[in-house]
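A look at the structure
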Amino acid sequence: MGEFGAVLGMGDLLVYALFTTVAYKAYGRSGLTLALGLCRRVRALVPTLTPITVEALTGHLPKVVPAQIFFGPAAFFGYVVLRRRGPERRMADVRPPARLATAHGQLEAASPRTRA
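Residues numbered from 1 in each chain as written. Predicted model: local features only at pLDDT ≥ 70, side-chain atom pairs only at ≥ 80, totals over all residues. Heavy atoms only, no water.

1. Here's the deal with the overall build of the chain
We apply this condition: Comment: elements are numbered from the N terminus, with helices defined as DSSP H or I runs of at least four residues and strands as E runs of at least two. Each residue is assigned to one of three classes by its accessible area relative to the maximum for its type, calculated with a 1.4 Å probe on protein chains only: buried under 20%, partly exposed between the two thresholds, exposed over 50%. The criterion used for residue contact is that any of the two residues' heavy atoms lie within 4.5 Å. Per-residue accessibility takes into account occlusion by the displayed protein chains alone, with areas from the Shrake-Rupley method and a 1.4 Å probe.
If you tally the helices and strands in the chain, you get 4 helices and 0 strands. Counting from the amino terminus, the chain carries its helices and strands in the arrangement α-α-α-α. Put simply, the chain has 116 residues, and 24% of those count as buried. Put simply, 66% of the contacts in the chain that link residues at least 6 apart link residues at least 24 apart. When the accessible surface of the chain is summed, it comes to about 8900 Å², and 65% of that surface belongs to carbon and sulfur atoms.

2. What about the packing of aromatic side chains?
Note the following rule: Classification of ring pairs rests on two measures: the distance between centres of Phe, Tyr or Trp rings, Trp counted by its six-membered ring, which must be within 6.5 Å, and the angle between planes, read as stacked under 30 degrees, edge-to-face over 60 and tilted in between.
Taken as a whole and assessed by the stated rule, the structure comprises 3 aromatic pairs. Geometrically, the ring pair formed by Phe19 and Phe71 is edge-to-face, given 5.4 Å between the ring centres and 90° between the ring planes. With a gap of 52 residues between them, Phe19 in helix 1 (residues 10–58) and Phe71 in helix 2 (residues 68–85) connect regions that are remote in the sequence. When its relative accessible area of 17% is taken as the criterion, Phe19 is described as buried.

3. As for the nonpolar core
Counted only if it meets this: The set of buried Ala, Val, Leu, Ile, Met, Phe, Trp, Tyr and Cys residues whose side-chain atoms join them within 4.5 Å is what this entry labels a nonpolar core.
Ranked by internal contacts, the top residues of the largest apolar core, which has 15 residues, are Tyr16, Phe19, Leu38, Cys39, Val42 and Phe71. Where this core is concerned, the elements lending two or more residues are helix 1 and helix 2. The leading source of residues in this core is helix 1, at 10 residues. Ignoring anything within four residues of it in the chain, the contact list for Leu38 reads Phe19, Phe71, Ala74, Ala75 and Gly78.

4. Examining a nonpolar patch on the surface
Definition in use: Patch criteria: residues need more than 30% relative accessible area and no salt bridge. Like-charged residues are merged within 9 Å; nonpolar side chains of Val, Leu, Ile, Met, Phe, Trp and Tyr are merged within 5 Å. By convention in these notes, a salt bridge is any Lys or Arg side-chain nitrogen within 4 Å of a carboxyl oxygen on Asp or Glu.
On the surface, Leu8, Met10 and Leu13 cluster together to form a nonpolar patch covering roughly 300 Å² of accessible area. Checked against the element boundaries, Leu8 lands in the segment before helix 1.

5. Some remarks on helix 1
The line we're drawing: Here the expected length of a helix is defined as 1.5 Å per residue gap, with one fewer gap than residues. Here the bend at a residue means the angle between the axes of two seven-residue stretches, the one that ends at it and the one that starts at it.
Over its 49 residues, helix 1 runs only 29 Å from end to end, short of the ideal 72 Å by more than 12%, given 1.5 Å per residue. The sharpest bend along helix 1 measures roughly 150° and falls at Tyr27.

6. Things to note about helix 2
Condition: The arc under discussion is defined with respect to the helix axis, by the directions toward the C-beta atoms.
The first and last C-alpha atoms of helix 2 sit 25 Å apart over 18 residues, in line with the 26 Å expected at 1.5 Å per residue. Of all the residues in helix 2, the buried ones are Phe71, Ala74, Ala75, Gly78 and Leu82. The arc that holds the buried residues of helix 2, viewed along the axis, is 105°, so those residues lie on one side. Turned more than 90 degrees away from the buried face of helix 2, the exposed residues are Ile69, Phe77 and Arg84.

Here it is as structure tokens:
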């Protein structure tokens, strides 16, 4: 790791991606915007500023900074902000209506197919 303690692992990136996906599904574009901004700021600032802050306060430089310790509370507060904007969308609100799927299926079944 060398002298730089700010490292993002695969698990960190997985959590960021899942949080962004779930926020988009539940709250639409506003959820996506908030989640991307939150992930970008926490991912960039916290692992970079934490070693400096800890060294200034305690006198020793930490070798590893677990980013998820700081992202958990930030994600929770992001959820609280989104929750105040309105209720979560249900899966029925996200998926296309069943009438469109059946209409599309009926159109395919009704159209004649030519064989070569």
